Amino acid sequence: MAELILALDQGTTSTRAVAFDPDGWRPRAMSQIPLEQHFPHPGWVEHDAAEIWRAALQVCREAIREAGGPDRFAAIGLTNQRETTVLWDRATGAALHRTIVWQDRRTAAVTEALVAQGHEPTVRAETGLVLDPYFSASKIAWLLDHVDGARARAEAGDLCAGTIDAWLMFNLTGAKRFVTDVTNASRTSLFGLNDLTWRDDLLELFNVPRAVLPEVLPCAGLFGETDPALFGRALPITGCAGDQQAALVGHGALRPGATKVTYGTGAFLVAHTGDQPVASDNRLLSTVGYQVGGQTAYALEGSIFSAGSTVQWLRDSLGAVGHSRETETVAQGLPDNGGVYLVPGFTGLGAPFWEAEARGAVFGLTRDAGPAHIVRAGLEAMAYQTRDLLEALKADGAPPPRRLRVDGGVTANGWVMQFLADITGCEVERPAYQEMTALGAARLAALGAGLIDSLDQSPAGEPAVWSPAMSAAERARLLAGWDAAVAGCLAQARARV
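Residues numbered from 1 in each chain as written. Predicted model: local features only at pLDDT ≥ 70, side-chain atom pairs only at ≥ 80, totals over all residues. Heavy atoms only, no water.

This part is about the sheet that holds strand E21 (residues 464–466). By definition, the strands of a sheet pair up through backbone hydrogen bonds, in either a parallel or an antiparallel sense. In spatial order, the strands read E15-E16-E14-E13-E19-E20-E21; together these seven strands make up an open sheet with mixed pairing. Each edge of the sheet is formed by a strand with only one pairing partner; in this case those strands are strand E15 (285–292) and E21. The average undirected angle you get between the axes of adjacent strands in this sheet is 30°. (Pairing = 2+ DSSP bridges. Helix = DSSP H or I, 4+ residues; strand = E, 2+ residues; numbered from the N terminus. Axes fitted to C-alpha atoms, helices over the stretch in contact; angles between N-to-C directions.)

Attention now moves to the pattern of salt bridges. For the structure shown, the criterion picks out 32 salt bridges. The residue Arg82 makes a salt bridge to Glu83 at a minimum N-O spacing of 3.9 Å. Arg82 gets classed as buried once you look at its relative accessible area, which sits at 2%. One salt bridge in this structure joins Arg315 and Asp316, with 2.6 Å as the shortest N-O distance. (Salt bridge = Lys/Arg side-chain N within 4 Å of Asp/Glu carboxyl O. Buried < 20%, exposed > 50% of the residue type's maximum accessible area, 1.4 Å probe, protein only.)

Quick look at the packing of aromatic side chains now. Per the counting criterion, the structure on display carries 20 aromatic pairs. Between Tyr134 and Phe135 the ring centres are 4.7 Å apart and the planes differ by 45°, which places this aromatic pair in the tilted class. Phe135 shares its class with Tyr134; the two are buried. Each ring, one from Phe191 and one from Trp198, has its centre 5.4 Å from the other, and the planes form 75°; the classification is edge-to-face. A relative accessible area of 9% places Trp198 in the buried class. Lying across the ring of Phe268, Arg82 places its NZ or CZ 5.4 Å from the centre. (Phe/Tyr/Trp six-rings, centres within 6.5 Å; stacked < 30°, edge-to-face > 60°. Lys NZ or Arg CZ within 6 Å of the ring centre and 35° of its normal.)

Coordinates in, geometry out; function isn't part of it.
Below, the structure is given as structure tokens:
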């Protein structure tokens, strides 16, 4: 009997597939493959699209086999790293260039020029987004201008450009379907937040031909069927959302005011704002939360570019620890941060600063400081940046959340979770099951396949909760040091321009 849901979760550092049983949403099988990142120039980040597809196919096959074969599966749900952009040949299916990853800053000069020309108010009003190389539009234009003959071929309808979900959907369906979902489309800077369609004026602004873009569909419903040769029979793809929106669904944060933070490669705070988009005066992003059953939920989002990637840097580049899990012991071994602050602007700073030229910086070093202080500073930075997002959310008039729902690999670090509660003054709740992006994709697929009637369900199991224990005076002292460090980092960035 076909009763399982397969969630394909394609992230920045790995690709995984999880087989879920909708009866209690228990994972029945899982497969995961790491993804290599390429850094050809400072500020550039790329992936190999063919590698992503091979890994996606392998993890799906392994999870299906482990769970008992394709006949046990009713549907597939897909979630993906957002904004990352692929350009490929519509006829052959071959990618024409490495994908440009969401972290990539190569188009910073383009978006800065558009800001200088006065276009940002229009872009923000129509899309809810700031002008920044983070989003897909300038990446698509760069690919069309730097791959020989691509622009003419795109205008003729011979090429496809899209986010990772569109690339995987194209391959999964044997090139029969070129589609995306509304949440991924809303992250391109080309999609209207109110009318939920590709905007001609934005296509002209970024010089992106409409013919190169996919069809946009709701998050739950039939996107297509997999090529029968891939898994032994055709499986319907009935759910899709960008990773942060999928995590919102996975957490069951389906009411206005509900707020979640996912700590992966980056960290992303998403606050449900209801059925109408809310404009931010504090440089948060207004975005589509999800669209199901003809109803659209909107959200405000703050994006932190470096979270888990900061830990990777501490481990791989600085060599301060041998394994990521050692950072917790290192931080606990110090009585305080020694006045040391790490601003992780490795690929620029996201919300609420949006400074593409920022670079990582360490402040407050003395002769007493050592690698342990930098490790602790890197962990503390995640909490400080989250506080910055919450302050921006508060300034936009949103009620402060009583409890932050968190997920992602970093949340395994109990020291970070307690420090997060202390610095934000909020209770922090980590669900018993951590894979919220995959769970959200699975629930959307189950809804799209008609296996469930509603998304309204909280994660199973007893969550872990951390409560604030730091004094207000200590919190204020630490935050003053952080604010000064960020000011120094921003000053250095602006001096570079």
